[in-house]
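Here is what each chain is made of, one letter per residue.
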Amino acid sequence: MRATGKPFTIDKKQVYEAYKAVKSKGGAAGEDGQTIEQFEADLKNNLYKIWNRMSSGTYFPPPVRAVSIPKKSGGQRILGVPTVADRVAQMVVKQVIEPDLDPVFLPDSYGYRPRKSALDAVGVTRERCWKYDWVLEFDIKGLFDNIDHELLLRAVRKHVTCTWALLYIERWLTAPMVQEDETRIERSRGTPQGGVVSPILSNLFLHYAFDLWMTRTHPDLPWCRYADDGLVHCRTEQEAQALKADLQARLAVCRLELHPTKTKIVYCKDGRRKEKYPNVKFDFLGYGFRPRWVKNSRSNELFCGFTPAISATALKAMRTTIRDLKLRSRTDVSLADIARKINPLLRGWIEYYGRYMPSALRPFLRYVNLTMRAWAMRKFKRFAGHTTRTGRFLEKLSQTNPRLFVHWQIGMIGTFA
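Being a predicted model, the structure only gives us computed values, none of them experimental.

Engineer: How should the pattern of salt bridges be read in this particular structure?
Structural biologist: Should the charged atoms of two oppositely charged side chains come close, the side chains can pair. Considering all chains together, one arrives at 18 salt bridges under this definition. Its salt-bridge partner being Arg-255, residue Asp-148 comes within 2.9 Å of it at the nearest N-O pair. Of the two residues, Asp-148 sits in the loop between helix H6 (143–146) and helix H7 (149–159) while Arg-255 sits in the loop between helix H10 (237–253) and strand E8 (264–267), which places them 107 residues apart along the sequence. You can call Arg-255 partly exposed: its relative accessible area is 43%.

Dropping the structure here:
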């Protein structure tokens, strides 16, 4: 490699492995309009260009494309979508720095890390809500847009020793963003949400801004963080109030701020906890934590527990996804075609939201069944206007052909009425 005269030693295989990782994740075209399929049309040459420029130190990232997507809580979130080639270059750096950075992070940091998942964070939160009466639920306002470059690079230089990785991280942080109206915006802070390397950089920033600070200043309070969403479990309301004030001050030092409406104190009310408090529920990673009637697995008796199940916001988003497919009017396709279309979605939702209190998925699965019933009534003349007959037909089909839809396969058939 050195014989080529390149100042940086980067193996061509690293670039190819990075490309495979980018391809597996899919994603939209960047500012140059090139899709992954178009990039693959001249794959060997495109990968060589990336390797050649990164090895010689002449790789300069192109602008990222700004894309607005709706937030579940309302409003718009701006994603910065890099080009396919730039995503490959970022993946090269991510795969180089991650083995050194990930061991630095603390166990209760769950976001965007290998061998850790959102479900792990939900599970540990569930157990801690049984032990601690109060929760400070916090959200950092515009984290990806507001990370301070000076503070971030101080942390990066402490842990990243690869010279060329440092060089390209600095260049990515200042790469301009092109808005939908073609306006070009120069950036002096933040790391684009949508960039391949952004999640690990934001994790490193919050490792110092929050994780280590909590461990140092409040070692007796367990916390859990997934990117910019986090929870701290407290013993009293007064303790939660004091912590909230401390955290506001800490984030201000790090040039960040708490989200004013998404940060709140919650009382984990259950059958044993009798205090009255206005907030007795919170959402975390798509799960709604609140008082619920649950059955004791040993005695089969019902009791009021503070437990997670799929949140109302997540249920609404899933219904919207199914509705937007306009399946009810697709009389040109078969039921098997519909199954192939929605089974990947259903499988992902059931695997994630079915981990805790899967019975909460029943209203949504009924909605899926009613969508199929409406489709059948339009598709077949003999069912037109006959909801009961159509429902019986689909119910019988779910018994004779249970492998057609994912929720039929696992016995979560639900009702067609």
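That covers the picture; the talk isn't over yet.
Engineer: What exactly am I supposed to notice about the environment of Gly-391 here?
Structural biologist: With respect to the helices and strands, Gly-391 occurs in helix H14 (residues 387–400). Its relative accessible area of 6% is what places Gly-391 among the buried residues. Residues Gly-391 and Ala-89 lie 302 residues apart in sequence; the distance between their C-alpha atoms is 53 Å. For Gly-391, the residues in contact, after removing those within four places along its chain, are Arg-373 and Phe-416.

Engineer: Explanation requested: the side chain of Asn-343 in the structure shown.
Structural biologist: Looking at the element boundaries, Asn-343 is found in helix H12 (residues 335–353). At a separation of 3.0 Å, a polar atom in the side chain of Asn-343 contacts the main-chain carbonyl oxygen of Leu-404. With residues up to four places along the chain from it excluded, the contact list for Asn-343 reads Leu-404, Phe-405 and Val-406.

Engineer: Please explain the packing of helix H9 (residues 198–217) against H10 as it appears in this structure.
Structural biologist: For any two helices packed against each other, the geometry is given by the interaxial angle and the distance between the axes. Running from amino to carboxyl end, H9 crosses H10 at an angle of 140 degrees, the nearest separation of the two axes being 11 Å. Crossing hand, H9 versus H10: right-handed. Facing H9, whose interface residues are Tyr-208, Ala-209, Phe-210, Trp-213 and Met-214, H10 presents Leu-243, Asp-246, Leu-247 and Arg-250. Grouping the constituent residues of the contact of H9 with H10 by class yields seven nonpolar, no polar and two charged.

Engineer: It is not clear to me how the sheet that holds strand E6 (residues 223–226) should be interpreted in this structure. Could you clarify?
Structural biologist: Sheets are built from strands paired through backbone hydrogen bonds, the pairs being either parallel or antiparallel. With antiparallel pairing, the four strands of this open sheet are ordered in space as E6-E7-E3-E8. Of all strands in the sheet, those with a lone pairing partner are E6 and E8, marking the two edges. Recorded for the sheet is a direction-independent mean angle of 20 degrees between the axes of neighbouring strands. Both strand E3 (residues 134–139) and strand E7 (residues 229–234) contribute to a ladder of six bridges, which runs antiparallel. Following the sheet pairing, Phe-138 is matched in E7 by Gly-230. Seen against the sheet, helix H5 (residues 118–131) touches E3, E6 and E7 and runs at an angle of roughly 155 degrees to E6.

Engineer: Where do I start with helix H4 (residues 84–101) in this structure?
Structural biologist: Every α-helical turn comprises 3.6 residues, leaving residues that sit three or four positions apart pointing alike. Counted at 1.5 Å a residue, the expected span for H4 with its 18 residues is 26 Å, and the 25 Å between its end C-alpha atoms agrees. In the structure, H4 departs most strongly from a straight axis at Gln-95, where the bend amounts to approximately 25 degrees and where the proline Pro-99 lies between one and four residues downstream. Taking burial as the measure, the 18 residues of H4 include 13 buried ones, the bulk of the element.

Engineer: What should I look at first to understand the nonpolar core in this one?
Structural biologist: Side chains of nonpolar character tend, in soluble globular proteins, to be buried together. Within the largest apolar cluster, 70 residues are counted, with the highest numbers of intra-cluster contacts made by Met-54, Val-88, Val-93, Ile-97, Trp-164, Phe-205 and Val-232. In terms of residues, this core owes the most to one element, H9, which gives nine residues. In this structure, Val-93 is in contact with Met-54, Trp-164, Ala-165, Tyr-168, Ile-169, Trp-172 and Val-197, ignoring residues within four places of it in sequence. Residues Phe-284, Ala-314, Leu-365 and Leu-394 belong to the second largest nonpolar core, which totals 55 residues.

Engineer: Would you take a moment to explain the pairing of strand E11 (residues 302–310) for this structure?
Structural biologist: Across nine bridges, the pairing between strand E10 (residues 287–295) and E11 is antiparallel. In the strand pairing of E11, Trp-293 is matched with Cys-304. Here E10 folds back onto E11, and the loop between the two strands holds six residues, one of which, Asn-300, carries a positive phi near 65 degrees.

Conventions and cut-offs
- Residues numbered from 1 in each chain as written.
- Predicted model: local features only at pLDDT ≥ 70, side-chain atom pairs only at ≥ 80, totals over all residues.
- Heavy atoms only, no water.
- Salt bridge = Lys/Arg side-chain N within 4 Å of Asp/Glu carboxyl O.
- Helix = DSSP H or I, 4+ residues; strand = E, 2+ residues; numbered from the N terminus.
- Buried < 20%, exposed > 50% of the residue type's maximum accessible area, 1.4 Å probe, protein only.
- Contact = heavy atoms within 4.5 Å.
- Polar contact = N/O pair within 3.5 Å; in protein donor to acceptor, adjacent residues only side chain to side chain.
- Axes fitted to C-alpha atoms, helices over the stretch in contact; angles between N-to-C directions.
- Left-handed = near helix turned anticlockwise from the far one by under 90°.
- Nonpolar A, V, L, I, M, F, W, Y, C, P; charged D, E, K, R; others polar.
- Pairing = 2+ DSSP bridges.
- Expected span 1.5 Å × (residues − 1).
- Bend = angle between axes of the 7 residues up to and from the residue.
- Core = buried A, V, L, I, M, F, W, Y, C linked by side-chain atoms within 4.5 Å.

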